[in-house]
Amino acid sequence: MKKDMITNVTEYEAIAKEKLPKMVYDFYASGAEDQWTLKENRNAFSRILFQPRILIDVSKIDLTTTVMGFKISMPIMIAPTAMQKMAHPEGELATARAASAAGTIMTLSSTATSSVEEVASTGPGIRFFQLYVLKDRNVVAQVVRRAEKAGFKAITLTVDSPILGRREADIKNRFTLPPNLVLKNFEGLDLGKLNKVCDYIATFHYWYEILKSDEFFHYWSSYCYNCCYFLFEITFQTSDSFAASYAAELYDRSLNWKDIKWIQTITSLPILLKGVLTPEDTMIAIQAGAAGIIVSNHGARQLDYVPATIMALEEVVKATQGRIPVFLDGGIRRGTDVFKALALGAAGVFIGRPVVFSLAADGEAGVRKVLQMLRDEFELTMALSGCRSLKEITRDHVLTEWDRP
Ligand code: FNR
């Protein structure tokens with residue numbers, strides 16, 4: 001498939017698969033364990049049908065909305081995805097420019113390969129900063145302050161990852177961050193022996209990928225690589241990927257509801273909780289001071305066999321009783337998906353993989369096109385459903401499996 005022949009968001013994945021090293025493609029594409037939730041995130045949308053209204057003047061359609069007080073051009077935003085420079089040399093900077101051009105919000109991952117300052121320097125734009133809370137709270141406070149100073153407008157606190165999910169493709173590939181890249185927001189962080197060993201492994205992995213194609217070098221390069229990885233394994237008693245080892249070493253597994261108060265002491269930015277799936281946690285989140293909720297299962301990369309996010313959405317929305325906005329991510333690939341999420345009560349949606357795949361295929365232009373295609377499809381869905389503004393999208397416009405007796 002040539003990139004100028006692309007007609008929908010999903011088609012970028014095949015180009016990305018062709019272009020990227022297997023280790024990188026697998027890291028972006030895969031989910032946890034059996035990947036049941038990964039498939040379900042998509043499948044569940046096909047179980048929701050439309051009940052369109054007819055003979056309504058749809059010659060003018062307004063897609064604009066307001067998120068955390070900021071007016072944006074459409075309710076489609078960018079979720080945080082780690083290490084985007086593995087997809088394209090401009091990585092998060094290209095994504096930031098594409099989001100600004102589309103008039104929408106980009107969320108920068110705290111494990112990005114571009115810093116908050118670099119992203120800010122791409123020009124004006126509304127950006128949120130995604131936060132993983134590390135054991136070293138000084139580092140956390142520092143990066144949050146940097147994000148606030150760089151003009152980020154909200155903190156998206158990821159609450160579904162005290163430890164990384166088991167992504168078997170990454171384990172098989174012995175996933176490592178390529179040696180030329182660093183996690184820019186934690187650059188000064190003393191990763192101690194983890195950093196050093198990862199550096200060695202990454203360097204070996206890099207050369208291994210190059211040399212293994214040559215028959216003569218194949219034997220000794222794989223030998224060196226395996227020795228190096230063995231060193232890593234005995235140092236960390238792990239056979240996991242870099243991402244899993246990094247998280248296990250640095251993330252604060254003790255993170256709990258009380259810590260939201262602590263985060264509020266280090267920033268005046270609103271805090272969105274990303275990774276909520278139940279009404280029970282929604283109610284606690286409101287009491288704890290969350291300014292918004294993102295119904296997310298981390299793109300099915302954490303706990304497998306949790307429901308598709310679109311299945312969990314409605315109960316979460318009900319639990320808020322309209323007090324805070326609820327957003328959704330997971331499996332959004334069509335404008336019809338966006339409409340379904342809004343009909344079930346979401347104030348907006350975020351996309352993850354479509355961004356990294358289009359970035360890999362065509363850099364900033366790819367991400368721009370993804371946003372444009374989703375926008376066009378969403379507008380079309382609104383027109384064909386008889387809705388002229390987001391307010392006119394109602395629960396009656398969709399029929400779900402659980403509506404039927
Ligand atoms: C993610 N996601 C994620 N979430 C987060 O809070 N911090 C992060 O650094 C990352 N990194 C990341 C990398 C990759 C490659 C993927 C695919 C996902 C989860 C992400 O924000 C979002 O929840 C999902 O990607 C949404 O699902 P879709 O759109 O990918 O189906």
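Residues numbered from 1 in each chain as written. Predicted model: local features only at pLDDT ≥ 70, side-chain atom pairs only at ≥ 80, totals over all residues.

Looking at an unreviewed UniProt entry, one finds the chain named (S)-2-hydroxy-acid oxidase, with Glycine soja as its source organism. The annotation that UniProt attaches to the chain under Cofactor (unreviewed entry) is "FMN". Its UniProt record gives the chain the following Subcellular location (unreviewed entry) comment, quoted word for word: "Peroxisome". (UniProt positions renumbered as here; feature names shortened; annotations may be inferred.)

Around the ligand, the structure places 23 residues, and the nearest of them are Ala79, Ser109, Gly299, Gly352 and Arg353. Taken together, the residues of the shell around the ligand sort by class into seven nonpolar, 12 polar and four charged. (Near = placed C-beta within 6 Å. Nonpolar A, V, L, I, M, F, W, Y, C, P; charged D, E, K, R; others polar.)

To continue, consider the domain arrangement of the chain. Domain assignment breaks the chain into domain 1 (3-166 + 258-403) and domain 2 (174-250). Contacts between the two partners involve 20 residues from domain 1 and, on the opposite side, 16 residues from domain 2. For the side of domain 1 that touches domain 2, the secondary structure elements donating two or more residues are helix H2 (22-29), helix H5 (116-120) and helix H6 (137-149). Here the residues of the side of domain 1 that touches domain 2 are counted per class, giving 12 nonpolar, five polar and three charged. (Domains from an automatic or database assignment. Contact = placed C-beta atoms within 7 Å. Helix = DSSP H or I, 4+ residues; strand = E, 2+ residues; numbered from the N terminus.)

Structurally, Arg323 can be placed in the loop between helix H13 (309-320) and strand S10 (326-329). It is 26 Å that separates the C-alpha atoms of Arg323 and Val133, two residues lying 190 residues apart in sequence.

Time to look at the packing of helix H14 (residues 335-343) against helix H15 (residues 353-385). Running from N to C, H14 and H15 point in directions that differ by 60°, and their axes come no closer than 7 Å. One finds that H14 runs oblique with respect to H15. Relative to H15, H14 is oriented so that their crossing is right-handed. Across the interface between the two elements, Gly335, Thr336, Val338 and Phe339 of H14 pack against Leu374, Asp376, Glu377, Phe378, Leu380, Thr381, Met382 and Ser385 of H15. (Axes fitted to C-alpha atoms, helices over the stretch in contact; angles between N-to-C directions. Parallel < 35°, antiparallel > 145°, perpendicular 65-115°, else oblique. Left-handed = near helix turned anticlockwise from the far one by under 90°.)

Time to look at the environment of Leu273. Among the structural elements, Leu273 can be located in strand S8 (residues 271-276). Judged by the 27 C-beta atoms lying within 10 Å of it, Leu273 falls in the buried class. Ignoring anything within four residues of it in the chain, the contact list for Leu273 reads Leu157, Val159, Ala285, Ala290, Ile293 and Ile294. (Buried ≥ 20, exposed ≤ 12 C-beta atoms within 10 Å, placed from the backbone.)

A word on the pairing of strand S11 (residues 348-351). Along S11, one buried face is formed by Gly348 and Phe350 and the opposite face, lined by Val349 and Ile351, is buried too. Relative to S11, strand S4 (residues 76-78) runs parallel, the two sharing three bridges. Looking at the pairing, Met77 lines up with Phe350 of S11. Taking the sense of rotation as the criterion, the β-α-β connection linking S10, H14 and S11 turns out right-handed. (Pairing = 2+ DSSP bridges. Right-handed = clockwise from strand over helix to strand, strands pointing away.)

A separate point is the nonpolar core. Formed by 114 residues in total, the largest nonpolar core has its most connected members in Leu273, Ile293, Val295, Ile310, Leu313, Ala346 and Val349. The element contributing the most residues to this core is H15, with 13 residues. Counting only domains with at least three residues in this core, you end up with domain 1 (3-166 + 258-403) and domain 2 (174-250). (Core = buried A, V, L, I, M, F, W, Y, C linked by C-beta atoms within 7 Å.)

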